[in-house]
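Listed below are the residues making up each chain.
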2 protein chains.
Amino acid sequence: MIFIDYKDTRPIYEQIVERYKTLILKGVMQPDEQLPSVRNLAMELSINPNTIQKAYAELERQGFIYVVKGRGNFVSGDSGLVEKRKNEYVDQIMALVREVLEIGMSKAELIRLIEVL
Amino acid sequence: MIFIDYKDTRPIYEQIVERYKTLILKGVMQPDEQLPSVRNLAMELSINPNTIQKAYAELERQGFIYVVKGRGNFVSGDSGLVEKRKNEYVDQIMALVREVLEIGMSKAELIRLIEVL
DNA sequence: TAAGTGTACTATCAGTGGTGGTACACTTAG
DNA sequence: CTAAGTGTACCACCACTGATAGTACACTTA
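Every value quoted in this text rests on a predicted model; they were computed, and no experiment measured them.

(A) Looking closely at the domain arrangement of chain A. Taken domain by domain, chain A consists of domain 1 (12-75) and domain 2 (80-115). Centre-to-centre, using C-alpha coordinates, domain 1 of chain A lies 29 Å away from domain 2 of chain A.

Here it is, written out as C-alpha cells:
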C-alpha cells in the first residue's frame, strides 16, 4: 500500500503524506479505516518512527485523518476534502498551462492532448 | 529583469535559472544578447557571486546560454530549446491531469477551464 | 497488568543552499 | 603593456532540514 521511492528527491515523510492523500481521495481507504501504527509502518518501511509520526501529523493538520490517543490514526470522513484537492490540482494545472501558452503552444493542441489521454 | 522571491521555498539559484529560461524562451532576451556579469548581478540582487555562478553554470549545462571566458555569458541561439521546454511543460501538465481525473473531475470540465482561460 | 497506541522530547548526523574570501586565467579598453 | 572586468575554481564556514536513535510518558484495551 505504501512504498518509498529513494530516487524521488522529495523527503520521505512528504511522499508518505502524498500517498495517503491520494489513497483516501480515491476511496481506496474508507472513512474510519485505521492506518498502520507509527511503529508498525516504520518497521515495514525500515525507516524511523519519527518520520512516520511527522507524516501522520501533517495528514491530521490537513484534515485527512483523525487521531485517538492510545488507539491509533483513522481516515477522516470529511467529503469537502475532495473538492479542496481538486482545486489544488486545477490551480497547478492552470499555472502550467499559462506558461506553455506563453511560449507558443496553442490551446487547441493542448486540449487535443487531454482528449486523447 | 531579475528578482528573488524570498517567500518562495525554492533555492535562489533555481529561481534565477527558471527566470532566465522563460525570458529566453519568450524572446525577451535575444540570441547572443549578453547576460549581466556574475559580479554585477550578485551586487544588484545583494547575494553572493557564487550563487549566480551556480545558476549560470546550470543554464549553460541546459544549453540556454554559452560562455566566453573573459568576456561574459550570452544567450544561446538554439531554437530546439523551445520544443524541448514545451514537452517538459506538457509532461507535467498531463501528469497532473491524470491525477485530477482519478479523483473524479471530468475531462469536459477541465477542457472548459482551459478554454475560458 | 501488560501490550500496543500516540506523543514529546533530546541529541546527533548528513546533505544542501548560501556566504565570504582568495586566486588565477582570460579579454579588452586605455 | 597595464588595468579593469570577465569567468572559474577553490576552500572554509554556517544555517536549515530531513532523518536517525533513544528515552519517556500518557492513554486504551485485551
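(B) Region of interest: the protein's contact with DNA strand C. Around DNA strand C, a shell composed of 23 residues is seen, among which Ser37(A), Pro11(B), Ile12(B), Asn48(B) and Gly70(B) lie nearest. Every element with two or more residues in the surface near DNA strand C is listed here: helix H2 (38-45), helix H3 (49-61) and strand S2 (72-75) of chain A together with helix H1 (12-25) and helix H3 (49-61) of chain B. Considering every element that reaches the surface near DNA strand C, the biggest residue donor is H3(A), with four residues. Among the residues forming the surface near DNA strand C, the class breakdown is eight nonpolar, eleven polar and four charged.

(C) The interface of chain B and chain A, seen in detail. If you look at the interface, chain B gives 25 residues, while chain A gives 25 residues. When residues of the side of chain B that touches chain A are traced back to their parent elements, those giving at least two are helix H4 (80-102) and helix H5 (107-115) of chain B. Here the element with the most residues in the side of chain B that touches chain A is H4(B); it accounts for 13 residues. Residues belonging to the side of chain B that touches chain A are distributed by class as follows: 16 nonpolar, two polar and seven charged.

(D) Fine view of the relation of the copies chain B and chain A. After a rotation of 180 degrees and a shift along the axis of 0.0 Å, chain B superposes on chain A with an RMSD of 0.0 Å. Here the two chains are linked by the operation of a two-fold rotation axis. Here 100% of the interface residues in chain B have copies in chain A that are interface residues too; the copies meet face to matching face.

(E) Representation of the environment of Glu58(A) in the model. Relative to the helices and strands, Glu58(A) is located in helix H3. For the pair Glu58(A) and Tyr13(A), spaced 45 residues apart in the sequence, the C-alpha separation amounts to 9.0 Å.

(F) View of the pairing of strand S1 (residues 65-68) of chain A. Residue and element names in this part refer to chain A. As judged from the four bridges shared by S1 and S2, these two strands associate in the antiparallel manner. The partner of Ile65 across the bridge, within S2, is Val75. Where S1 hands over to S2, the hairpin turn is made up of three residues, of which Gly70 adopts a positive phi near 85 degrees.

Criteria and cut-off values
- Residues numbered from 1 in each chain as written.
- Chains lettered and ligands numbered in written order.
- Predicted model: local features only at pLDDT ≥ 70, side-chain atom pairs only at ≥ 80, totals over all residues.
- Domains from an automatic or database assignment.
- Near = placed C-beta within 6 Å.
- Helix = DSSP H or I, 4+ residues; strand = E, 2+ residues; numbered from the N terminus.
- Nonpolar A, V, L, I, M, F, W, Y, C, P; charged D, E, K, R; others polar.
- Contact = placed C-beta atoms within 7 Å.
- Least-squares fit on C-alpha atoms with pLDDT ≥ 70 in both.
- Pairing = 2+ DSSP bridges.

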